[in-house]
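Tertiary structure, described
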Amino acid sequence: MKVTEHLAKANGKTLFSIEVLPPQKGKTLDHLVSVIQPLMEFNPQFIDVTYHPEDVLYRKREDGLMEEVPLRKRPGTVGICAALKGKFGVDTVPHLVCIGFTKEETEDALFTLGYLGIDNVLLLKGDPAKSPAANIKNGYAYASDLVSQVALMNKGIFLHEETENEWKTDFCIGVAGYPEKHFEAPNLATDLKNLKRKVDAGADYVVTQFFFDNKYFFNFVAKAREAGINVPIIPGIKPLQTAKQLSILPSKFYIDLPEDLVSAVEKCKDEKQVRQVGIEWAIQQSKELKAAGVPCLHYYTMSRSEPTIAIAKAVF
Ligand code: FAD
């Protein structure tokens, strides 16, 4: 079922959904299954699975020089989505990215997803790739271009063709939004204009980058509505898990950490206490968002179940 159908069927009730990462190359699916299993109690309506382009590994050669080895650290998103849907009977949402893939490779993945009966895709530009080869392959500059491709596929028009085919895809299309603006955007208003491009190109809903201060989300939604973006906007929530994230999250994700959260973490004696602070913060955030009537709360699990279980127990 499509994400938008789940939201419509909920009749105003706030739904629960999660994002997981594919296992690292060479690892089994067992850990991922063990992460999802206990979360099934809270009835996730859909499970997002992230997508990862080629990266590089630096390896010492026999002659002592370093060589660059192309490596996809977390392959398998498409197959994992099919496996999880089969195992848990839950809709899965594969992420697809522009960086590192040609249009033809992406079309092939979309054909496979269509034939597998996957109803949703979250379309993204992708994180900047470390691999030069991945960057050269960049088929599209922006996620909106990928949205246009999928919108055409939904009409049965495939790459390098102009007429409709007998078979067509029927994907519900999600895209990313940034309550604190995307790091490349000069300001929030410009970023919202670009978000509107994605919606105008065919996006059906938006999932946001995580944030730790709900005021950013409420402001983002209000500004998005003013900008004519009328699709559902789902807040993404990430429980803080380590003290180190106080510096990693702002530098990597360009988000703000509220002073109260920072001082609560600074008072912690160990990482266990930090995790508890992170969980309690996410519970308060979630309760306020739910009371404000958000359509769904989407949790970035980072493939760890305990924090999300504790939050879901308190919120749902
Ligand atoms: P875009 O929508 O293309 O926007 C990128 C920037 O370009 C923005 O600043 C925007 O304002 C600007 N822009 C857009 N269109 C135009 C235009 N026509 N002209 C000028 N400027 C324009 N990364 C992964 O690699 N794998 C994942 O699985 C993944 N999952 C994610 C899930 C969520 C919910 C979120 C929020 C992010 C995820 N990311 C993932 C990270 C994402 O790929 C990066 O944040 C990336 O830098 C931007 O992606 P986007 O789709 O928002 O880009």
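Everything in this summary refers to the structure shown in the same document. Nothing here was measured: the structure is a model prediction, and the numbers come from that model.

Focus: the state of the cysteines
Formally, a disulfide is one covalent bond, and it connects the sulfur atom of one cysteine to the sulfur atom of another. In the structure shown here, the tally under the stated rule is 0 disulfides. Counting only cysteine sulfurs, Cys-296 is the nearest neighbor of Cys-172, a cysteine outside any disulfide, at a range of 12 Å. For Cys-172, a relative accessible area of 1% gives the class buried.

Brief notes about the site of the ligand
Close to the ligand lie 25 residues; Lys-125, Tyr-178, His-182, Asp-191 and Lys-198 are nearest. A distance of 2.8 Å separates a nitrogen atom of the ligand from a polar backbone atom of Tyr-51. Here Tyr-178 contributes a side-chain N or O atom positioned 2.7 Å from an oxygen atom of the ligand. Look at the ligand: alone it shows 980 Å² of surface, and the protein chains cover 88% of it. Among the elements that make up the shell around the ligand, the one with the highest residue count is helix 7 (residues 188–201) (4 residues). Classifying every residue of the shell around the ligand gives 12 nonpolar, 6 polar and 7 charged.

Describing the environment of Tyr-142
On the secondary structure map, Tyr-142 appears in the loop between helix 5 (132–136) and helix 6 (143–153). Residues Tyr-142 and Cys-98, spaced 44 residues apart in sequence, show a C-alpha to C-alpha distance of 7.2 Å. Apart from residues no more than four positions distant in its own chain, Tyr-142 is found in contact with Cys-98 and Lys-125.

Let's talk about the packing of aromatic side chains
Applying the stated criterion across every chain yields a total of 15 aromatic pairs. Geometrically, the ring pair formed by Tyr-115 and Trp-167 is stacked, given 4.4 Å between the ring centres and 25° between the ring planes. Of this pair, Tyr-115 sits in helix 4 (residues 103–116) while Trp-167 is found in the loop between helix 6 and strand 7 (172–177), placing the two residues 52 residues apart along the sequence. Taking the relative accessible area as the measure of exposure, Tyr-115 reaches 58% and is therefore exposed. On the basis of relative accessible area, Trp-167 is assigned to the partly exposed category, the value being 29%. Through a chain of ring-to-ring contacts, three or more aromatic side chains come together here, namely Phe-16, Phe-42, Tyr-299 and Phe-316. Taking NZ or CZ as reference, Lys-215 lies 5.0 Å from the ring centre of Tyr-216, over its face.

A look at the side chain of Gln-241
Following the sequence through the fold, Gln-241 ends up in the loop between strand 9 (233–237) and helix 9 (245–253). Note on Gln-241: relative accessible area 9%, which makes it buried. Of the polar contacts made by the side chain of Gln-241, one reaches the side chain of Arg-304; its length is 2.5 Å. With sequence-adjacent residues up to four places away left out, Gln-241 is seen in contact with Glu-271, Val-274, Arg-275, Thr-301, Arg-304 and Pro-307.

Things to note about helix 2 (residues 30–39)
Along helix 2, the positions that sit buried rather than exposed are Leu-32, Val-33, Val-35, Ile-36 and Leu-39. For helix 2, the arc enclosing every buried residue in end-on projection is 160°, short of the 170-degree limit, so these residues lie on one face. Here the buried face of helix 2 lies against strand 1 (15–20), strand 2 (46–49), helix 3 (77–88) and helix 12 (306–315).

A closer look at the sheet that holds strand 8 (residues 205–210)
As a general point, the strands of a sheet are linked pairwise by backbone hydrogen bonds and lie either parallel or antiparallel. Spatially, 1-2-5-6-7-8-9-10 is the arrangement adopted by the 8 strands of the closed barrel, whose pairing is parallel. For this sheet, the mean angle separating the axes of adjacent strands, direction not counted, is 25°. Helix 2 rests against strand 1 and strand 2 of the sheet, and its axis sits at about 170° to strand 1.

Remarks on the pairing of strand 5 (residues 91–97)
Within strand 5, 7 of the 7 residues are buried, which leaves it mostly tucked inside the rest of the structure. Side chains Asp-91, Val-93, His-95 and Val-97 of strand 5 all project onto a buried face; the interleaved residues Thr-92, Pro-94 and Leu-96 project onto the opposite face, where all are buried too. Where strand 5 meets strand 6 (residues 120–124), 3 bridges bridge the pair, whose relative direction is parallel. Paired with His-95 across the two strands is Leu-122, which belongs to strand 6. Handedness of the strand 5-helix 4-strand 6 crossover: right-handed.

Things to note about unusual backbone geometry
At His-160, a residue that is not glycine, the phi angle is positive and equals roughly 60°. In this structure, His-160 sits in the loop between helix 6 and strand 7.

Points about the nonpolar core
Ranked by size, the top nonpolar core spans 91 residues in total, and within it Leu-96 and Val-121 carry the most contacts. At 6 residues, helix 11 (residues 271–291) tops the list of elements feeding residues into this core.

What counts as what
Residues numbered from 1 in each chain as written. Predicted model: local features only at pLDDT ≥ 70, side-chain atom pairs only at ≥ 80, totals over all residues. Heavy atoms only, no water. Disulfide = S-S within 2.5 Å. Buried < 20%, exposed > 50% of the residue type's maximum accessible area, 1.4 Å probe, protein only. Near = heavy atom within 4 Å. Polar contact = N/O pair within 3.5 Å; in protein donor to acceptor, adjacent residues only side chain to side chain. Areas by Shrake-Rupley, 256 points an atom, 1.4 Å probe, with all protein chains shown as cover. Helix = DSSP H or I, 4+ residues; strand = E, 2+ residues; numbered from the N terminus. Nonpolar A, V, L, I, M, F, W, Y, C, P; charged D, E, K, R; others polar. Contact = heavy atoms within 4.5 Å. Phe/Tyr/Trp six-rings, centres within 6.5 Å; stacked < 30°, edge-to-face > 60°. Lys NZ or Arg CZ within 6 Å of the ring centre and 35° of its normal. Arc of directions from axis to C-beta. Pairing = 2+ DSSP bridges. Axes fitted to C-alpha atoms, helices over the stretch in contact; angles between N-to-C directions. Right-handed = clockwise from strand over helix to strand, strands pointing away. Core = buried A, V, L, I, M, F, W, Y, C linked by side-chain atoms within 4.5 Å.

In short, geometric facts, not functional conclusions.
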